[in-house]
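Residue-level structural notes
Spelled out from the first residue to the last, the chains are:
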Amino acid sequence: MNKLWRKFYFVLVLVCLMISVAHGQDEFERVEKRIIAYLKTDADTAHNLSIKADGSWADIDYASKAETNWAPLLHLNRIKQFALQENITPTKMITALRYWLQVNPTSNNWFQNEIASPTAIGEILMLLKSSKILPPPLQDSLLVRMKQGNVEKAIGANKLDIAIHMLYRACISRDKILMDSAVNQAFMPITLNNNEGLQPDYSYRQHGPQLQIASYGQVFLTGEYKVASWLIGTSYALPAEKLKILDQYLINTYLKTIRGRYIDFNTEGRGISRNEVLDKLNITSKASKHNLLALAKQVNPNNEQILAAAEQRILQTQAPSFQVKPAHSYFYKSDYTLHTRPAYSFNVRTVSKRTIRTEAGNRENLIGKFLPDGATNIQRKGDEYFNIMPIWEWDKIPGITGRDYVVDQKTTLEWGERGVGAFIGGTTDGVYGTTVYDLNYNEVTAKKAWFFFDDEVVCLGTAINSYAKEPITTTVNQAWQKGVVKAFANDKLVEANKGFTSAAIQWVWHDSVGYYFPNKGQINLTNDEQRGSWATINANRSKNEVKGKVFKLWFNHGVDPVNQAYAYIVKPGISENEMNKVLAIKIIVNTAAMQAVAHTDLQMVQVVFYEAGSLTAEGCTITVDQPCVLLVKAIKSKNPTVSVSDPTQKLTAIRISLNLVHASITLPQGDDKGATTSFQFN
Ligand code: CA
């Protein structure tokens, strides 16, 4: 290379370098503008309390160490509001910030010190940056004070929160290395290989292996979409493969747990005992421009249509059925079933030795100990259980089998109790499914299974045993009473509005849902007013009495049941006049070895094999050499499709025969143990 060329080359490199630095600065500016725009939507009404000459407020206890409602944080929040409204003199602002640095308030709760304080300082600095009113040494000291929390060690929402104040710091100091690290940490929870957080089956767990789709899982969603929205179109943008994961969790898990504007009570964790859960969701709030769905649309405009449909259902400008497609998911990492149809949702919560029961803690969810014992959420309009919790009888949660106490039992173990059952799982082809729950809790055992079709869900229980002194019951439903109740016994309609106890009931109809009892049983119905208070289920809430009429339908298996059984079929979206139509359902077997149901119109057979065995149904003999849950479609055709899963999550292979055709199937391993394998017989 000659001299001239070398010179040219040098200039070229220099120009490129300048462009990239300028580009980097430009990116910081873009991110900063978006964050400021985001923060500005937080503007509150002005605070008229006058600030003292030393930069403090007389009504704030700066020595407080309180764990929640920590008073000193008010100081930062007020400064933030002043910065938002630009209605304070620079001198006062500076004095107030200096006061904070001097006094350095701390709480006994790490969250206040490592997340709340540095976040508030970061927001103030972001808002004041363009005005340049802060002397650089003051800004530097505040930036040093913001260095709190161990982002690498923190998990889930905490990791994200710490990463966010790191990101503020990086923007303010134009520190590219810090920015890279903040963004990397912020997006790290968007992966499927977490112990806690998002799972390979797209469920969400927190506080150990505990189902938390709408509670912590919703905080995760909102936080990630928020940060992603700040970084759109920059070199820090959320990578495409992570965006796919996040969208999948939002659309195919989270949003499917919501019917109309009401979320499945099974997904809320201990939040089931809070009355403001729905408002807290803040997923479509018009007041907030940065609600979850708005952020998700911004981050991925390709989902505009599907998210707009969800928004219309939630805002109730469209019916709960609007653009709802038939879908079925079984979450083998969290023991949860989601079954959605245009006409209804029917979801089931169970627990196994691999997972943890719904937690109590912070004085919340005080009597929810039986929630995971097969709770079924049956929704049509969506509001069937909305705020019914304070007046529920908590040992008759819809779907569960358990002891019927006179007084609801308090949870004694906080933060979730490990399950014990080994045979818990579900098979699905994405539209239909079978779920099994081998119940063993509180001295009650039962083999419970659910068989999901298009218009019906068949619920079977068998091997119900207990030596407890209370009667053992299985609850079919306990929901708000709406309109008349109809019942049919001895082939004629019977008066049902006042409730009954009967061994002859064939069906009950209420609120557009039919309940069939093909094998009858000791069935009880009440339509009485029930009373309670939020304080009974959550000690932080009001003791005021809440009351209302409740439709409650259950089987009484009696005291000391020995190998008792039940069968009922739920048909949501049916009128009273259609109730006497013959169903296309055949309950083939309901024993401790096997539970099986055929749907003759769908040509489908669903079987729970508790042990290796054989079953003949719809002209087909199905044989398996291992316990499993099996779903056979097009069973009368030459090429039936079989879907199979292993509820023990221990097997590696299974041999299945349909009539005389055999297939050896390798079952999913590793993170996918318990997942379904589908294949076609030739
Ligand atoms: Ca009771």
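Residues numbered from 1 in each chain as written. Predicted model: local features only at pLDDT ≥ 70, side-chain atom pairs only at ≥ 80, totals over all residues. Heavy atoms only, no water.

1. Observations regarding the overall build of the protein chain
Regarding its fold elements, the protein chain presents 13 helices and 33 strands. For a compact globule of 682 residues, the expected C-alpha radius of gyration is about 26 Å, and the protein chain comes in at 29 Å, within 12% of that figure. Its C-alpha atoms give the protein chain principal-axis dimensions of roughly 90 × 75 × 45 Å. Burial status across the protein chain gives 58% buried among its 682 residues. Just so you have it, the protein chain exposes about 28,500 Å², and 52% of that area is on carbon and sulfur atoms. The averaged location of the 64 negative side-chain charges in the protein chain is 4 Å from the averaged location of its 74 positive side-chain charges. (Helix = DSSP H or I, 4+ residues; strand = E, 2+ residues; numbered from the N terminus. Rg over C-alpha atoms; globule rule 2.2 N^0.38 Å. Buried < 20%, exposed > 50% of the residue type's maximum accessible area, 1.4 Å probe, protein only. Areas by Shrake-Rupley, 256 points an atom, 1.4 Å probe, with all protein chains shown as cover. Lys, Arg positive; Asp, Glu negative; His and termini not counted. Charge placed at Lys NZ, Arg CZ, Asp CG, Glu CD.)

2. Things to note about the coordination of the calcium ion
A metal bound by six donors in octahedral fashion has ideal angles of 90 or 180 degrees, whereas one bound by four tetrahedral donors has an ideal angle of 109.5 degrees. Of the protein atoms, only Glu-393 (OE), Asp-395 (OD), Asp-395 (OD), Asp-404 (OD) and Tyr-405 (O) coordinate the calcium ion, at distances of 2.2 to 2.6 Å. Binding-site remark: the calcium ion is held by donors from one chain whose sequence spacing is E-x1-D-x8-D-Y. Just as Glu-393 is buried, Asp-395 falls in that class too. (Donors = N, O, S within 2.8 Å, 3.2 Å for Na, K, Ca; no water.)

3. So, the packing of helix 2 (residues 73–85) against helix 4 (residues 110–128)
Orientation of helix 2 relative to helix 4, taken along the N-to-C sense of each, is 20 degrees, at an axis distance of 9 Å. Here helix 2 lies roughly parallel to helix 4, going by the angle between them. In the crossing of helix 2 with helix 4, the sense of the turn from one axis to the other is left-handed. In this structure, helix 2 uses Leu-73, Leu-76, Asn-77, Ile-79, Lys-80, Ala-83 and Leu-84 to contact helix 4, whose residues at the interface are Gln-112, Ala-116, Ser-117, Ala-120, Ile-121, Glu-123, Ile-124, Leu-127 and Leu-128. Of the residues belonging to the contact of helix 2 with helix 4, the class tally is 11 nonpolar, 3 polar and 2 charged. (Axes fitted to C-alpha atoms, helices over the stretch in contact; angles between N-to-C directions. Parallel < 35°, antiparallel > 145°, perpendicular 65-115°, else oblique. Left-handed = near helix turned anticlockwise from the far one by under 90°. Contact = heavy atoms within 4.5 Å. Nonpolar A, V, L, I, M, F, W, Y, C, P; charged D, E, K, R; others polar.)

4. A few points about the pairing of strand 23 (residues 564–572)
Here strand 23 lies mainly inside the structure; 7 of its 9 residues are buried. Two elements, strand 13 (residues 457–466) and strand 23, share 6 bridges in a ladder whose sense is antiparallel. Residue pairing in the sheet places Leu-460 in a bridge with Ala-567 of strand 23. Here 4 bridges tie strand 19 (residues 513–516) to strand 23, and the two strands are oriented antiparallel to one another. When the sheet's bridge partners are listed, Gly-514 is paired in strand 23 with Lys-571. (Pairing = 2+ DSSP bridges.)

5. Here we look at the domain arrangement of the protein chain
In many reports, interface size means the accessible area that the parts give up when they come together. Here the protein chain is described as being made up of domain 1 (21–186), domain 2 (327–582) and domain 3 (584–682). A straight line from the C-alpha centre of domain 1 to that of domain 3 covers 58 Å. (Domains from an automatic or database assignment.)

6. Let's talk about helix 6 (residues 156–173)
Counted at 1.5 Å a residue, the expected span for helix 6 with its 18 residues is 26 Å, and the 26 Å between its end C-alpha atoms agrees. The buried fraction of helix 6 amounts to 15 of the 18 residues, a majority that puts the element mostly inside the structure. In the segment just after helix 6, Arg-174 is the residue with positive phi, at about 50 degrees. (Expected span 1.5 Å × (residues − 1).)

7. Remarks on the pattern of salt bridges
One pass over the full model with this rule turns up 28 salt bridges. In this structure, the salt-bridge partner of Asp-671 is Lys-333, at a minimum N-O distance of 3.9 Å. Of this pair, Asp-671 sits in the loop between strand 32 (661–666) and strand 33 (677–680) while Lys-333 sits in the loop between strand 5 (327–331) and strand 6 (336–341); the two residues are 338 residues apart in sequence, bridging distant segments of the chain. Here Asp-671 falls in the partly exposed class, since its relative accessible area comes to 38%. (Salt bridge = Lys/Arg side-chain N within 4 Å of Asp/Glu carboxyl O.)

8. Digging into the sheet that holds strand 6
What holds strands together in a sheet is hydrogen bonding between their backbones, with the strands either parallel or antiparallel. Read across the open sheet, the 4 strands follow the order 5-6-7-8; overall the sheet is antiparallel. Edge strands, defined here as strands with exactly one partner in the open sheet, are strand 5 and strand 8 (375–379). For this sheet, the mean angle separating the axes of adjacent strands, direction not counted, is 5 degrees. In the sheet, strand 6 pairs with strand 7 (residues 344–349) via 4 bridges, with the strands oriented antiparallel. Bridging across to strand 7, Arg-341 finds its partner in Tyr-344.

9. Details of the pairing of strand 31 (residues 653–658)
Pairing of strand 28 (residues 620–624) with strand 31 involves 3 bridges; the strand directions are antiparallel. Residue pairing across strands places Val-624 opposite Ile-656, the latter belonging to strand 31. Pairing of strand 31 with strand 32 involves 6 bridges; the strand directions are antiparallel. Opposite Leu-658, over in strand 32, you have Val-661 as the bridge partner. A loop of 2 residues connects strand 31 with strand 32, the two strands running antiparallel in sequence, and Asn-659 in this loop sits at a positive phi of about 50 degrees.

10. What to know about the side chain of Thr-340
Inspection of the secondary structure puts Thr-340 in strand 6. Non-local contacts of Thr-340, meaning those with residues more than four positions away in its chain, are made with Lys-256, Lys-325, Pro-326, Ala-327 and Ser-345.

11. Looking at helix 11 (residues 292–299)
Burial analysis of helix 11 places 6 of its 8 residues in the buried class, which makes it a mostly covered element. All buried positions along helix 11 are accounted for by Leu-292, Leu-293, Leu-295, Ala-296, Lys-297 and Val-299. Structurally, the start of helix 11 carries an N-cap: the backbone nitrogen of Leu-293 is 3.1 Å from a side-chain oxygen of Asn-291. (Polar contact = N/O pair within 3.5 Å; in protein donor to acceptor, adjacent residues only side chain to side chain.)

12. Considerations on the packing of aromatic side chains
The tally for this structure, following the rule as stated, stands at 26 aromatic pairs. Ring centres of Phe-265 and Trp-392 lie 5.1 Å apart, and the angle between their planes is 90 degrees; this geometry places the pair in the edge-to-face category. In this pair, Phe-265 sits in the loop between strand 4 (262–263) and helix 10 (277–281) while Trp-392 sits in the loop between strand 8 and strand 9 (401–403), placing the two residues 127 residues apart along the sequence. Just as Phe-265 is buried, Trp-392 falls in that class too. The aromatic ring of Tyr-441 is capped on one face by Arg-357, whose charged end is 3.3 Å from the ring centroid. If you follow Lys-447 out to its NZ or CZ, it ends over the ring of Tyr-610, 5.1 Å from the centre. (Phe/Tyr/Trp six-rings, centres within 6.5 Å; stacked < 30°, edge-to-face > 60°. Lys NZ or Arg CZ within 6 Å of the ring centre and 35° of its normal.)

13. As for the nonpolar core
Formed by 96 residues in total, the largest nonpolar core has its most connected members in Leu-167, Met-179, Leu-250 and Tyr-254. Looking at this core, the element that brings in the most residues is helix 6, giving 10 residues. Summarising the domain contributions, this core has at least three residues from each of domain 1 (21–186) and domain 2 (327–582). In this structure, Val-457, Ala-479, Trp-480 and Ala-487 belong to the second largest nonpolar core, which totals 60 residues. (Core = buried A, V, L, I, M, F, W, Y, C linked by side-chain atoms within 4.5 Å.)

14. Brief notes about the sheet that holds strand 27 (residues 613–617)
Overall, antiparallel pairing links the 4 strands, which are arranged 27-28-31-32 in an open sheet. The open sheet has two edge strands, strand 27 and strand 32, and neither has a second partner. Ignoring which end each strand starts from, the neighbouring axes of this sheet average 20 degrees apart. Bridge count for strand 27 against strand 28 is 5 bridges, and the pairing is antiparallel. Paired with Thr-616 across the bridge in strand 28 is Thr-621.

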